[in-house]
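Coordinates in review
What follows is the residue order along each chain.
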Amino acid sequence: MCDINSDNVNVETEMVYKTKILPGSLCMKCKTQKPTAIVRVNDSLCRSCLLTYTTHKFRSTLGKSKLVKANDRVLLVASGSQSSTALLHLVKEALGEGAHKRLRFSPGVVFIDESVTLQSKTECELGIQDIKKLVDDMGYPFHCVPIYQNFHSADTDADGVNEINKSSFSQAFAQLSTLTATVHFLSVIRMSVIVATARKHCYTKVMIGDTASDLSVTLLCNILQGNGNAIPFEIGVADKRYSDIVIIRPLREFSSKEVALYNRLNHLRFTVVPNILTKKASNSCIQRQTEQFVNSLQAGFPSTVNTIFRTGDKLCLDQEFTFSPCLLCQRPKDRIEELDTGLNCKKIETEVEQDKRNDVIEQQHKEMEVKEKMESLSGEEENLQIDRLSLSDVKSKLCYGCNITLKEMGEKYELLPQFILKTIQQMKNRARMKNEIKDFLL
């Protein structure tokens, strides 16, 4: 029989990748300088060519998308990681006086403080101080916002910390039974706080430092958690799920290795700010397990991240959607009522539990009720009668992933952010009112 591998040679041993720079080799770009690092698979580049390569990749991502225009107000999200540190430096260089085709937008920096989710807050506070000093040296406005901002109410006290918001967030956070649901919940709340901060300070664009490695992990996690329809919004260069804010990912073409090389060649110091996943085992949640899986494959097969990332790009056909979005994460909402999913398997038990819970929280709902006037001819006023929310009302306005998170929260929907519950209440009242007057409409 014919055998392609007739010499019994291990195919994997033939896939030799250059792991170190050979003596006497030259930069493959300029052919004159000694190489400093190896990018991609076998591309040896000197320091000057590597910095030019990374800067061009950053500028081309913004140039091809044509999203950032002159005099735009852009909010940069800082987390202290290597990617966010590289993003701040790349923006600073692009706005510099000596930059070729200098960008002309007004940047600001926001940091989301998640210390409320940690037992020890000392390291987090030190990290915030380092980030603030870095941003102050750049001369950009700095906004440090706690993750529980606006969770229950938009009003804050003189110190900028609302104890009601903090208490409400802590109650919802404590009810999450799995780390996977906790990470998903924090990511959704984090993005809502970032968007709210951008609106408050009149920013129209938001830049986050997600790399190709990060987005590859995000893509697989969304598929594993049943959020495949969110891929166009989670890994695209521009996320336009919000009507007035555009989320931009200018580092989406960078690998984590290229970001690390850029920081090292520019002598940039990044800050390690602990989060909920710090020092967690690789099998503690889906997000950590997927990250470990992708990184282990990338170490042996350098094209892993690029393959996953480009496959996700092919799935990003169109971000325009005509159906209503999820009120929690603003991603496309599945028609769960038409699917035979695990969410509907215990429908009878859920209704019984809901009846019991309604008796317990009846007083809370009475406090939330406000008197509304009969809708005027212009349609601006609401009907006086108010229907009490039920679990099915809330679940019908959430996507599959957020419904899973709500289930891990014990289906205690009253612990969700108040602005979501108010929106659902208004939608229910208007639907009921429309049903009452439909026979009188011409």
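See the structure above.
What counts, and where the lines are drawn
Residues numbered from 1 in each chain as written. Predicted model: local features only at pLDDT ≥ 70, side-chain atom pairs only at ≥ 80, totals over all residues. Heavy atoms only, no water. Helix = DSSP H or I, 4+ residues; strand = E, 2+ residues; numbered from the N terminus. Buried < 20%, exposed > 50% of the residue type's maximum accessible area, 1.4 Å probe, protein only. Contact = heavy atoms within 4.5 Å. Pairing = 2+ DSSP bridges. Axes fitted to C-alpha atoms, helices over the stretch in contact; angles between N-to-C directions. Expected span 1.5 Å × (residues − 1). Right-handed = clockwise from strand over helix to strand, strands pointing away. Parallel < 35°, antiparallel > 145°, perpendicular 65-115°, else oblique. Nonpolar A, V, L, I, M, F, W, Y, C, P; charged D, E, K, R; others polar. Left-handed = near helix turned anticlockwise from the far one by under 90°. Patch = residues over 30% accessible without salt bridge, like charges linked within 9 Å, V, L, I, M, F, W, Y side chains within 5 Å. Areas by Shrake-Rupley, 256 points an atom, 1.4 Å probe, with all protein chains shown as cover. Salt bridge = Lys/Arg side-chain N within 4 Å of Asp/Glu carboxyl O. Core = buried A, V, L, I, M, F, W, Y, C linked by side-chain atoms within 4.5 Å. Phe/Tyr/Trp six-rings, centres within 6.5 Å; stacked < 30°, edge-to-face > 60°.

**Topic: the overall build of the protein**
- When you go through the protein residue by residue, the secondary structure sums to 16 helices and eight strands.
- Burial statistics for the protein: of 442 residues in total, 44% are counted as buried.
- Contacts spanning at least 24 positions in sequence make up 69% of the contacts within the protein whose residues lie at least 6 apart.

**Let's talk about the sheet that holds strand β3 (residues 73-77)**
- The strand order β5-β4-β3-β6-β8-β7 describes an open sheet built from six strands, whose pairing is mixed. Each edge of the open sheet is held by one strand with a lone partner, namely β5 (142-146) and β7 (238-239).
- Contacts from helix α3 (residues 82-94) reach β3, β4 (106-113) and β6 (205-207), with the element oriented near 150° to β3.

**Digging into the environment of Val116**
- Tracing the backbone through its elements, the reader meets Val116 in the loop between β4 and α4 (122-138).
- Given the relative accessible area of 18%, Val116 is considered buried.
- Between the C-alpha atoms of Val116 and Lys166, which are 50 residues apart in sequence, the distance is 8.1 Å.
- Contact partners of Val116, with chain neighbours within four places excluded, come to Lys121, Ile147, Tyr148, Lys166, Phe169 and Ser170.

**A short note on helix α16 (residues 418-437)**
- With 20 residues, α16 should cover 28 Å at 1.5 Å per step; its first-to-last C-alpha distance of 29 Å lies within 8% of that length.
- Every buried residue of α16 is listed here: Gln418, Ile420, Leu421, Ile424, Gln425, Asn429, Arg432 and Met433.

**Observations regarding the pairing of β3**
- Of all five residues that make up β3, four are buried, and the element is covered over most of its length.
- Where β3 lies against β4, five bridges are found, and the strand directions are parallel. Paired with Leu76 across the bridge in β4 is Val109.
- Handedness of the β3-α3-β4 crossover: right-handed.

**With respect to the pairing of β5**
- Along β5, four of the five residues are buried, which leaves the element largely enclosed by surrounding structure.
- Judged from the five bridges that link them, β4 and β5 form a sheet pairing that is parallel. Paired with Asp113 across the strands is Pro146, a residue of β5.
- Taken together, β4, α4 and β5 constitute a β-α-β crossover, and its handedness is right-handed.

**Some points on the packing of helix α10 (residues 286-300) against helix α11 (residues 304-315)**
- Direction vectors running N to C along α10 and α11 enclose 125°, while the axes themselves pass 8 Å from each other. Between α10 and α11, the angle falls in the class oblique. For the pair α10 and α11, contact is made by Val294, Leu297 and Gln298 and by Thr304, Val305 and Ile308, respectively.
- Tallied by class, the residues present in the contact of α10 with α11 amount to four nonpolar, two polar and no charged.

**Details of helix α2 (residues 47-65)**
- The end-to-end C-alpha distance of α2, which contains 19 residues, comes to 28 Å, matching closely the 27 Å that a straight helix rising 1.5 Å per residue would cover.
- All of the buried residues along α2 are Cys49, Leu50, Leu51, Thr54, Lys57, Phe58, Thr61 and Leu62.
- Looking at the residues trailing α2, positive phi occurs at Lys66, about 55°.

**Section: the packing of helix α5 (residues 163-175) against helix α6 (residues 179-200)**
- Put simply, α5 and α6 touch, their axes get as near as 10 Å, and they point 150° apart. Between α5 and α6, the angle is such that the two are roughly antiparallel. Between α5 and α6 the crossing geometry is right-handed. Residues Phe169, Ala172 and Phe173 of α5 form the contact with α6, whose participating residues are Thr182, Phe185, Leu186 and Ile189.
- Classifying every residue of the contact of α5 with α6 by side-chain character gives six nonpolar, one polar and no charged.

**Some remarks on the side chain of His143**
- Position of His143 among the secondary structure elements: in strand β5.
- Looking at His143, the relative accessible area reads 15%, which means it is buried.
- Other than its neighbours up to four places away in sequence, His143 contacts Leu75, Val109, Val110, Phe111, Thr197, His201 and Tyr203.

**A few points about a nonpolar patch on the surface**
- Together, Ile437, Phe440 and Leu441 make up a nonpolar patch on the protein surface, roughly 340 Å² of accessible area in all.
- Among the secondary structure elements, Ile437 is positioned in helix α16.
- For Ile437, a relative accessible area of 34% translates into the label partly exposed.

**Some points on the nonpolar core**
- Residues Phe169 and Val206 are the most contacted members of the largest nonpolar core, which totals 52 residues.
- Of all the elements in the fold, those that place two or more residues in this core are β3, β4, α5, α6, α14 (391-395), α15 (400-408) and α16.
- Here this core takes 12 residues from α6, the largest share from any one element.
- Excluding residues within four positions of it along the chain, Phe169 makes contact with Val116, Thr117, Ile147, Tyr148, Phe151, Phe185, Leu186 and Ile189.
- Formed by 44 residues, the second largest nonpolar core is a distinct cluster that contains Leu50, Leu51, Phe254 and Leu261.

**Quick look at the packing of aromatic side chains**
- Following the criterion strictly, the structure yields four aromatic pairs and no others.
- Between Phe169 and Phe173 the ring centres are 6.1 Å apart and the planes differ by 20°, which places this aromatic pair in the stacked class. Highlighted residues: Phe169 and Phe173, both in helix α5, separated by four residues, approximately one helical turn.
- Centroid distance Phe169 to Phe185: 6.2 Å. Interplanar angle 25°. Geometry classified as stacked. In this pair, Phe169 is assigned in helix α5 and Phe185 in helix α6, connecting sequence segments 16 residues apart. For the pair Phe169 and Phe185, a shared accessibility class is recorded, and that class is buried.

These figures come from the coordinates and say nothing about function on their own.
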